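Residue-level structural notes
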Amino acid sequence: MIWFTKWALRNRAAVILMTVLVLGLGTLSYFTLPKEFMPAANNPAVTVIVMGQGTDADTMAEEVTKPIEKAIGSVKGKMHVFSTSADGYSSIDIALDPSIDMKEAKNQVQEALTGVELPEGYSKPIVSQLNLDMIPLWQIGLSFPKGINRDDMEKIENEIIPMFQGISGMSDVLVYGKQHTQVNVILDQKKMSDYQIPIQALMGILQGKNLAVAVGEETVDERKANLKVIGKIEGIKELENIQIAPEIRLKDIGKVNISDTSETFFTRVNGEEAVALLLHKESNANAVSVGKKVEQTMEKVNNDFKPAIEASMLISFSEFIVNSVDSMMHAVLLGALFATIVIFIFLRHMRMTLITIISIPLSLGLTLFLLSQSGITLNILTIGAVAVAVGRLVDDSIVVIENIFRKVQGGDFSKEVIVNSTKEVAAAITSSTLTTVAVFLPMGLVKSLEELLLPFALTITYALLSSLLVALIIVPLMSSRLLKQGKMPVYKKPNRYIKILDWCLRHKWVPLLLSFIIFIGAIGMYVVMPKGTADASDNDVSVSVVYPDHIPFSKVKDEAFEFESFLKGQSEVKEVITFLGSNPEDAQFSQINSQNQGNFHVVMKKDADTKKMMEKIEKQKEKYPEADFDIMVASIVNFSDSTITLDVVGNDADKLLEASKKVMDEVKGIEGVEKVTSNQNELKTVYNINVDQKKANTEEVAKQVQVLLNPFPIGMIRVEGKDTPVLIDSSIHPTSESELKDISVMSDDKIVKLSTIAKIEKMEKPTSVLRKDGKEYVRVSVEADPKNLSNIAGEVNMKAGKLSLPEGVSLEYGGAASAQSEQFMELFQLMAVSIGLVYLIMVLTFKTLRAPLVILFTLPLALIGAILGLLVSRTPIDIGAMIGALMLIGIVVTNAIVFLDRVRQNEKTMPIRQALIEAGATRFRPIIMTALATIFAMIPLLMGKEEMGSLVSKGLAVVVIGGLSVATLLTLVIIPVVYELFHFKKAKKQRLSEENKIAM
């Protein structure tokens, strides 16, 4: 690698020009790179949703879920099929192999469903494949202070949406909470009875009134012509005056009105009726620049459409992205400053410090340019990777400049001295950089986190390789110009350290035994330490309020609006966004809500106390005893789920219910378990209407009852020049079993009571039916303390595993703890691979097996420091901490490589012990400097705000700082001791030879 240095010294002008270009391209790349919160990542699953209003869970399972499960059986890459059949909908999740192309898998599912014919009354299957790109970066509320009307909705569709769609970089604009105008015919049952008009006859009269049908082609007046039969109803008055019977019009037996709002779901902003615009950007567009255009467009909407329509920014993730990326970049700059201070304190020479720290902006500039060429965005992980690596960027430069300094401090200054000084350490810094790269690159192989970790790993790889080039090219060149003049500080040998090292080499068993005892203690501490989830932090609060299905929606609505008023009245709150009820539009986002569910997004004022607000909401729970509250910090992506799931699987519903109750009773009392629920907790009354086949046709009765109990579409009419759907509402809403029995239906051309042709049976059934790979199961959900997830999960699994379950019933474990365990196992495997790669590179460098084996002894030393750091800081072991441990493998071996490289050079002219002591004296300062530079550069990550559960977490910083601190101190002692122990015979022979010489 020394030819880089020789070339740079010969081509100074070219190197200066390249340096300027790198800084310019890096700056340009920073401002032009697309800024995202997270890298694009697919969710390896496809979801199918079918809506069936008014249909119970069992019927959804039989008529919808099972046929779909059968149809998708041949989809390639399918691993598991999970289905939920609930009142009014079915949701089928197909878990896929992550290596499968998700778009192709979605197409296969859609093709498989073409052969499925669902009974009348169900929606078409909605197929979706959710990924991070589908999360709308902006949500704009369009509220209606004077109330919503049809004209306003048309303005949104025809004028406002095109304004946002016209923004460069915008891929899609969706309307959420869209309200549709409809005509309702509300019948008066008493008048219909008085006039003896059955509803079935009325429907036959009304259906088909507004119609245009092509009936054929004939030759008329010697010319071919098409024949068309047209019937049109223009306006409400014409509909009201339709003749139903002699001298009886529709208005005589019912009321006709126009409704502009749905009664199944509500979207509100600060208590006013509203719709939300969900804005998605193109994958390669810059979220920040698009966000600015969105804000400008929103201002234009307010100027053009106020006061009828008022636009407000509900959620702007582009603003959050800017804040997140800027805060991470702030950590990078602060880390660079800390590293600079450390270097200056040690070198006490401004020009030498300048030469060293030049590697930071140059390495960052080249890294940003390489990221732009690789198609990687600037996001919380890539900037976090730079923040993690910034201290390591100066390591190679420190080693080079420190070696040059020692050579020239006696006054011998020439290009040859600079080349030789660089050559002495070139192999060591190249090897140490490549070993670190060898640790980071395989990070992309962690399947469960591959799409997140690969950009992280590539960023660090680019940064480290850039820093190596700077150390070999720029540092020697700058040294040749800046160190020519001026007095050099005197280098003092670390005499105290030399005495300690000499004593340890003469009493090897003491440091080795102490290190072994501490290492065993650290392993024991790791086993008992809590393994938790990454904490999330942000200002906004999300509240989900769910009522049991048997509670009337009218009561849910009243209490939800009351709770909304409470939220609006709090001084810390800026805006309250309310989504209440079951919105069919949710299906396109792979989810569906219960009718009795309300979601509140609370936008907090700047610098408001989020924790205090959440405590206030907790106290409100007492006012709504029937509601189940879930209060959390709002997050764009969640790394902090702490729900453990226990799936009770079998084919017998009664046995499943019995077993699930046993499981729930067993785990409720475990310390750290906050809540235990199951999908069988909630039972709903179901009335089975068993039709006597001798007296009536079941299908005909079912259709009649469905029409009587639910608003039924009968066609379209023209209202104000626009086609508008008409729904007929019989106004039959039985409130008791006797009223249900008295419903009148047609049978054999006679009107009879339902109870005369059918037996009505009352049952209590679960509101949802879960199936896994074709088998029914009951899911028990255990919400655990996120900081002690693994220990709680272990106790939950142990207690549940000891239970005696009914025959044919089995227990399967899953949820957050299972996912965490899988991720930890993948990271442990990756650590083993990384250690193997590190060893291979060191063998190639040292051309021996023993020296690299000695260097690997730094790894257990690092583990001691990492665990000690987690204990002192009381930080649970999360994914971020595990990634920090993986990083340590590459970081801590660099000091040992630099140390032993000097030892190997010394061995050519010195005995082993003398070579070790001289290497310790020579390499003590660069080793301490590089370690402290890395440690202090990590402090901003340790002290800063975590960005919504990012993998670049406090745990990562704690592990790296603790591990590197202890490993550095012990490396300076233990590695020399182990090295001499590995060369015991040779070292002993050399000492005896020296003693004989002295004796003679």
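Before going into details, it helps to say that this report is about the structure given with it.

1. A closer look at the overall build of the chain
When its secondary structure is counted, the chain shows 33 helices and 30 strands. With 1000 residues in all, the chain has 52% of them scored as buried. A separation threshold of at least 6 residues defines the contact pool for the chain, and within that pool the share at least 24 residues apart is 81%. Surface exposure of the chain reaches about 45,900 Å², of which carbon and sulfur atoms provide 55%.

2. Structural notes on helix α13 (residues 359-374)
The end-to-end C-alpha separation of α13 is 22 Å, in line with the 22 Å expected for 16 residues at 1.5 Å each. Considered for burial, the residues of α13 that qualify are Ser359, Ile360, Leu362, Ser363, Leu364, Gly365, Thr367, Leu368 and Leu371. Trailing α13 by a residue or two, Gly375 shows a phi angle of about 75°, which is positive.

3. Some points on the packing of helix α29 (residues 858-873) against helix α30 (residues 879-906)
Contact pair α29 / α30: the axes reach a minimum separation of 9 Å and the direction vectors enclose 135°. Taken together, the axes of α29 and α30 are oblique relative to one another. Of the two elements, α29 crosses α30, and the hand of that crossing is right-handed. Residues Thr858, Leu859, Ala862, Ala866 and Leu870 of α29 touch α30, and the partners they reach there are Ala881, Leu888, Ile889, Val892, Val893 and Ala896. Split by residue class, the contact of α29 with α30 holds ten nonpolar, one polar and no charged.

4. A word on the nonpolar core
By size, the foremost hydrophobic cluster in this structure holds 133 residues, and its most contacted members are Met887, Phe899 and Leu900. No other element matches the 17 residues that α30 contributes to this core.

5. A short note on the side chain of His983
By secondary structure assignment, the location of His983 is in the loop between α32 (954-982) and α33 (984-999). Among the residues examined, His983 registers a relative accessible area of 9% and is labelled buried. The residues contacting His983, other than those within four sequence positions of it, are Arg850 and Ile912.

6. What about unusual backbone geometry?
Negative phi characterises most residues that are not glycine, and trans characterises most peptide bonds. Note that the residue after Lys306, namely Pro307, is joined by a cis bond; omega there is 0°. Here Pro307 is to be found in the loop between α10 (287-305) and β15 (310-316). Positive phi is not limited to glycine here, since Asp773 has a value of about 50°. Residue classification places Asp773 among the partly exposed positions, given a relative accessible area of 41%. For Lys847, which is not glycine, the phi dihedral falls at a positive 55°. Within the secondary structure, Lys847 is located in the loop between α27 (816-846) and α28 (850-855). Since its relative accessible area comes to 70%, Lys847 is described here as exposed.

Definitions and cut-offs
Residues numbered from 1 in each chain as written. Predicted model: local features only at pLDDT ≥ 70, side-chain atom pairs only at ≥ 80, totals over all residues. Heavy atoms only, no water. Helix = DSSP H or I, 4+ residues; strand = E, 2+ residues; numbered from the N terminus. Buried < 20%, exposed > 50% of the residue type's maximum accessible area, 1.4 Å probe, protein only. Contact = heavy atoms within 4.5 Å. Areas by Shrake-Rupley, 256 points an atom, 1.4 Å probe, with all protein chains shown as cover. Expected span 1.5 Å × (residues − 1). Axes fitted to C-alpha atoms, helices over the stretch in contact; angles between N-to-C directions. Parallel < 35°, antiparallel > 145°, perpendicular 65-115°, else oblique. Left-handed = near helix turned anticlockwise from the far one by under 90°. Nonpolar A, V, L, I, M, F, W, Y, C, P; charged D, E, K, R; others polar. Core = buried A, V, L, I, M, F, W, Y, C linked by side-chain atoms within 4.5 Å.

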